[in-house]
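# Structural characterization, general
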Amino acid sequence: MAAYLRLPAFIRRWLQRMKRRVQEYKYIMVLTFKSLFCNAFLSSWVVWDTLMEPLLWFVEKVVKAFGPVFVFVVVSLVLSVIGVAWLVFFPIMRDRSYLTLTYHLIFGNWLAVNVLFHYFKALLTSPGKPPSGDRLNTEVTTVCKKCITPKPPRTHHCSVCKCCVLKMDHHCPWLNNCVGHYNHRYFFLFCVYIFVGCCYVCYSTYDVFLDHFHNSEKYLFSGKFSLLSPIDTIQAAALQLRQPQGQDTAAPEFAYPANQTLVQEPVTMWEKAQHNLIIYLFFLCSGAGAAVGGLSVWHARLITHGQTSIEVHINKKESKRAQKKGQVYRNPYDYGPRKNWKMFLGLTNGRSWRHILFPSSHPPMGDGLTWHNPQDYGRRVLPM
């Protein structure tokens, strides 16, 4: 400080001017940076969304490109199960009794029809899009930052379909379509019927599966001769192949353990195919049933509380925000479990469970644009 005071006055004035100029430049740079990257709506979610944008872009492109492949895989697997049931399972039931066969024909084909019907309806039905322009004669909650168009309540933008979807739940790659207001019921019932069908197949074929699974060596090591031991079967077949042509092709003479005997059990190619198909059927249905069963339970829980897969995260965040303010957040679209299910399944205007147990193309309740407050007699946020 003493050295600074000993400087001439004009130098001190110049240094002060330079200091003020540096501070001004620093302020302008900080202000410019904040104006480009920061605003009143900036939060950790916005930063995370920005950082994940390249990965999401890649996933969206892959899902869009392979959507038809996923649809082909689902249809192929469902048709393969139906084909195996007709080629292998139903003939086995026929050999047991015609009454058992009749039961399985009725119940099995009822499940197959419902699975195929609801899958193709979910695949081909548009989930619903908000009308454009002046035709959007309803309340608007926000503006889509990608479409730059007004969004009705419960509407969200799908980056794969490149449009806003009414009451969007998620984009399903196995459908190559969004699940929204008009096809949510088809998607859910498809999952339910797939789960019921997988349980039915696993239960009905369990004894047949166990028989084939524990006797796999009969089909894996089969030829003219079959042994209780697969190793001896291979040895017998090898010795038979070494027999000179023109000689007697009787069974090779060598000693076997006392507890084993050489028996002739010819296994045809069709029997081998049946064996493989039964193993395939059971493992496919058990794996698919476990996966789809968990998905069905998850969606049933959401439907019970009047939520979608997107809204459950929004409601959690809003609940935490209201809790910090000493308030309780109430889901504005929860009409109670009973009414939520009736609205979701479209059981209005005289419709009954017949429209659920059998294929039906009836539309859901409402147009997906207007949602009445479930508590027109209550409030959305209540004081604690």
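This one's a predicted model, so the numbers in the text were calculated from it and none came from an experiment.

With that settled, the discussion passes to the overall build of the chain. Check the secondary structure of the chain and you find 12 helices and eight strands. Per-residue burial for the chain yields a buried fraction of 34% across its 384 residues. When contacts within the chain are restricted to residue pairs at least 6 apart in sequence, those whose partners lie at least 24 apart make up 67%. Summed over its atoms, the accessible surface of the chain is roughly 24400 Å², and 65% of this surface lies on carbon and sulfur atoms.

The next point concerns the packing of aromatic side chains. According to the stated counting rule, one finds 19 aromatic pairs in the structure shown. Seen from their ring centres, F209 and F282 are 4.0 Å apart, and the 10 degrees between their planes marks the pair as stacked. Taken together, the residues F209 in helix α6 (residues 206-214) and F282 in helix α9 (residues 269-304) connect sequence positions 73 residues apart. The class of F282 is buried, set by a relative accessible area of 13%. Consider the rings of F209 and F283, whose centres lie 5.5 Å apart with planes at 85 degrees: the pair is edge-to-face. Taken as a pair, F209 in helix α6 and F283 in helix α9 lie far apart in primary sequence, 74 residues in all. On the basis of relative accessibility, which here comes to 47%, the residue F283 falls in the partly exposed class. Taken together, the aromatic side chains of Y103, F107, W110, Y193 and Y200 make up a single cluster linked through ring pairs.

A word on unusual backbone geometry. Phi at I148 takes a positive value of approximately 55 degrees, unusual for a residue other than glycine. Mapped onto the elements, I148 comes out in the loop between β1 (142-143) and β2 (150-151). The residue K167 is not glycine, and still its phi comes out positive at about 45 degrees. Turning to its location among the elements, K167 is positioned in the loop between β4 (163-165) and β5 (170-172). The class of K167 is buried, set by a relative accessible area of 12%.

Within this structure, the stated rule accounts for four salt bridges. R96 is the partner of D207 in a salt bridge, and the nearest nitrogen-oxygen pair spans 2.7 Å. Taken together, the residues D207 in helix α6 and R96 in helix α3 (residues 44-96) connect sequence positions 111 residues apart. Owing to a relative accessible area of 45%, R96 belongs among the partly exposed residues under this scheme.

Conventions we followed
- Residues numbered from 1 in each chain as written.
- Predicted model: local features only at pLDDT ≥ 70, side-chain atom pairs only at ≥ 80, totals over all residues.
- Heavy atoms only, no water.
- Helix = DSSP H or I, 4+ residues; strand = E, 2+ residues; numbered from the N terminus.
- Buried < 20%, exposed > 50% of the residue type's maximum accessible area, 1.4 Å probe, protein only.
- Contact = heavy atoms within 4.5 Å.
- Areas by Shrake-Rupley, 256 points an atom, 1.4 Å probe, with all protein chains shown as cover.
- Phe/Tyr/Trp six-rings, centres within 6.5 Å; stacked < 30°, edge-to-face > 60°.
- Salt bridge = Lys/Arg side-chain N within 4 Å of Asp/Glu carboxyl O.

Take it as geometry only, folks, not as evidence of what the structure does.
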